[in-house]
Amino acid sequence: MKRDRPNIIYILGDDHRAEYMRCAGHPILETPHLDALAREGVRFDQAFCTSPLCTPSRTGHYLGQWERRHGVNFNSRSALTERAWSRSFPMVLKENGYFLGWVGKNHVPAGRGGYDSGLFESCFDYWYGNHGHSFFYVKEHPRGAIYRNARLDTQVEVFEEGAMNFLDPQPAFLEACPSPLPSRPMDQPFCLCITFNLPHDCGTTDMQLRPTDDPLYVQKYRDRFDDFPLPKTYRSAWEHAEPKLPPDVYNGIQIPYYDYVRMPETMREKIVRTAQTVTGVDRMIGRLRAKLDELGEADNTILVFSTDHGLHFGEFGLGGKSLLYEPDLRIPLIVCDPRLPSSARGRVAHEMVAIPDLAPTVLELAGLPVPDTMQGTSLVPLVRGEPAVTWREELFAEALMDIQNYPRSECVRTRRWKYIRYFRRTEDPAQATRRFKGTLDDYRTGLDATVYGREQPIYEELYDLQDDPHEERNRIHDPALAGEVRHFRSRILALGASLKEDGVPPDTWEYDNRL
């Protein structure tokens, strides 16, 4: 059915490294449907998150803001106000006649009471989701009660069934769902958000290779186990190398989820499971597109595929995320608009783009005005292949979670350089005996203090990405680069201050959001 406005399907993975698609150069991974999406749309090979953690990054996806502005993280003890969420791209679409659907994980606390507020459940016309982690056998977890009508047990397939029934409502599915779900009105444009908790460790660690699992999750890639490459800078637990960061900045102790990085065998097991689940998501995308064809919606449905952030695979012995090195910051990104002329399709765009750019992009593609609260820049000129587009040459990123033992840090990245600075943790003496110490640092104070010069860094790094793409040599004390260091010390303050007005608090409710 021809409509004035396009449909939107917005698909997010979780902890999906940028190179984990065949079209991005992975030598083994099979992603034929993502590859097709890239051939028919635009793939961005210089795409970055600006906060390498689930909650702040996903909030940036929907609000088009840097964390410095939206103020939501695992340690922020805050949730978006209803007013802040009303300016997200899904809500702007809804205000302009779109039917909204949500399938899968939500890690964005919103409304008074955060995840318990019911705001997402009331805002999305079709809600088939859960708050917090979803896990691989999603129906078996206490948070997965809503999925217990699904025929299969594994996360990708359960979410696939929910998405398929959004597109083409099946009475048996709707009647068996624990929460009432409406049928999609066929005369309205729609926006469907599909949000996976894969290949995140909560999903891949939970895999049990059950006889009832799809063979994809039991057998696929196991014949290539030893062929999967480890990162160039991979360090096992028995290699006595200098730590990447001084112990007083970060002592390297990580949560048990990331212990797989310690040994090559367990690292490769994680990689195989990552490959299996990414191929599972890819297969779902293929089936989704086939359903759009069947329904006559393919020519008017824009698909966006990305993730929240990357993940360390043992580079320098590091696991997890929340650091500002390339494995955490770089993300996959494909935008496929079937309305593009053939001359604009199949391109790889090399501009530095960021997650906050996506919300204004979606709204402009839908022909709608962009709220002035959005800080990103629409990618539409790049998607359309317009000539001589002026684009950013530097990017500000931040890692502001200081629980789980991580340091707070900020960076400026250009095409050639990356400057990172770290801040001191103020440990909570009441938690001195715990493996993962708490801090007394005040999140809101830190939003202003670092970029307005009231808190000074305790450690700095400078990398020449042109000559050192794996960030192996910190050049901060190189006399020949003293001018570059001065420049970036100034630029990081200017960029940070441009994102956050001094003394103006984020638009959030106080709430303990560590779900």
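Refer to the structure printed above.
The rules behind the values
- Residues numbered from 1 in each chain as written.
- Predicted model: local features only at pLDDT ≥ 70, side-chain atom pairs only at ≥ 80, totals over all residues.
- Heavy atoms only, no water.
- Core = buried A, V, L, I, M, F, W, Y, C linked by side-chain atoms within 4.5 Å.
- Buried < 20%, exposed > 50% of the residue type's maximum accessible area, 1.4 Å probe, protein only.
- Helix = DSSP H or I, 4+ residues; strand = E, 2+ residues; numbered from the N terminus.
- Contact = heavy atoms within 4.5 Å.
- Axes fitted to C-alpha atoms, helices over the stretch in contact; angles between N-to-C directions.
- Parallel < 35°, antiparallel > 145°, perpendicular 65-115°, else oblique.
- Nonpolar A, V, L, I, M, F, W, Y, C, P; charged D, E, K, R; others polar.
- Salt bridge = Lys/Arg side-chain N within 4 Å of Asp/Glu carboxyl O.
- Pairing = 2+ DSSP bridges.

### Thoughts on the nonpolar core
Ranked by size, the top nonpolar core spans 152 residues in total, and within it Phe44, Tyr62, Trp85, Phe89, Leu93 and Tyr128 carry the most contacts. Counting residues per element, this core draws most heavily on helix α10 (residues 264-295), at 10 residues. Not counting chain neighbours up to four residues away, the residues in contact with tryptophan 85 comprise Tyr62, Leu63, Leu80, Pro90, Met91, Leu119, Phe120, Cys123 and Phe124.

### Observations regarding the packing of helix α1 (residues 32-40) against α10
In contact at an axis separation of 7 Å, α1 and α10 are set at 60 degrees when each is read in the N-to-C sense. As summarised for this structure, α1 and α10 are arranged oblique, according to the angle between their axes. The segment α1 lies against α10, with Pro32, His33, Leu34, Ala36, Leu37 and Glu40 engaging Asp282, Arg283, Ile285, Gly286 and Arg289. Of the residues in the contact of α1 with α10, the class split is five nonpolar, two polar and four charged.

### So, the pattern of salt bridges
Proximity of charged atoms lets side chains of opposite charge pair with each other. Under the defined criterion, the tally for this structure stands at 44 salt bridges. The residue aspartate 512 makes a salt bridge to arginine 77 at a minimum N-O spacing of 3.2 Å. Residue aspartate 512 is located in the segment after β18 (508-510), and its partner arginine 77 is located in the loop between α3 (67-70) and β4 (78-80); the two are separated by 435 residues in the primary sequence. On the accessibility criterion, arginine 77 (41% relative accessible area) is partly exposed. With a closest N to O distance of 2.9 Å, arginine 454 and aspartate 502 form a salt bridge. A residue pair is termed long-range when its members are at least 10 positions apart, and arginine 454 in the loop between α14 (443-449) and β17 (459-464) and aspartate 502 in the loop between α15 (482-499) and β18 qualify at 48 residues. Each of Glu326, Arg330, Arg413, Lys418 and Glu471 takes part in salt bridges that share partners, so that together they form one network.

### Remarks on unusual backbone geometry
That bond from leucine 198 to proline 199 is cis: its omega, 5 degrees, falls within 30 degrees of zero. With respect to the helices and strands, proline 199 occurs in the loop between β7 (190-195) and α9 (201-204). The backbone of phenylalanine 135 shows a phi angle near 65 degrees, a positive value even though the residue is not glycine. Structurally, phenylalanine 135 can be placed in the loop between β6 (126-131) and α7 (155-167).

### A few points about helix α12 (residues 358-365)
Counted residue by residue, α12 has seven buried out of eight residues, so it is predominantly covered. Listed in full, the buried residues belonging to α12 are Leu358, Ala359, Pro360, Thr361, Val362, Leu363 and Leu365. Downstream of α12 by a residue or two, glycine 367 has a phi angle that is positive, lying close to 75 degrees.

### Some words on the sheet that holds strand β2 (residues 42-44)
What the eight strands build is an open sheet, ordered β6-β5-β7-β1-β8-β11-β2-β12; its pairing is mixed. Here the strands that pair on one side only, and so sit at the sheet edges, are β6 and β12 (347-349). Looking at each pair of strands side by side, their axes are set apart by 15 degrees on average, direction ignored. Judged from the six bridges that link them, strand β5 (residues 99-106) and β6 form a sheet pairing that is parallel. Within the sheet, the bridge partner assigned to lysine 105 lies in β6 and is asparagine 130. Seen against the sheet, α1 touches β2, β8 (301-306) and β11 (334-336) and runs at an angle of roughly 65 degrees to β11. Against the sheet, α12 makes contact with β1 (7-12), β8 and β11, and its axis sits at roughly 160 degrees relative to β1, the strand it touches most.

### Brief notes about the sheet that holds strand β15 (residues 408-414)
Read across the sheet, four strands follow the order β14-β15-β16-β17 without closing on themselves; strand pairing throughout is antiparallel. Two strands lie at the open edges of the sheet, namely β14 (394-399) and β17, each paired on one side alone. Each strand of the sheet is rotated relative to its neighbour by a mean of 15 degrees, with strand direction disregarded. As paired strands, strand β16 (residues 417-423) and β17 are joined by six bridges and run antiparallel to one another. What sits directly across from tyrosine 422, in β17, is tyrosine 459.

### What to know about the pairing of β15
The buried count for β15 comes to seven of seven residues, which makes it a mostly enclosed element. Where burial is concerned, the two faces of β15 agree: the one with Arg408, Glu410, Val412 and Thr414 and the one with Ser409, Cys411 and Arg413 are both buried. Here six bridges tie β15 to β16, and the two strands are oriented antiparallel to one another. Directly across from cysteine 411, in β16, lies its bridge partner isoleucine 420. What sits between β15 and β16 in their antiparallel hairpin is a turn of two residues.

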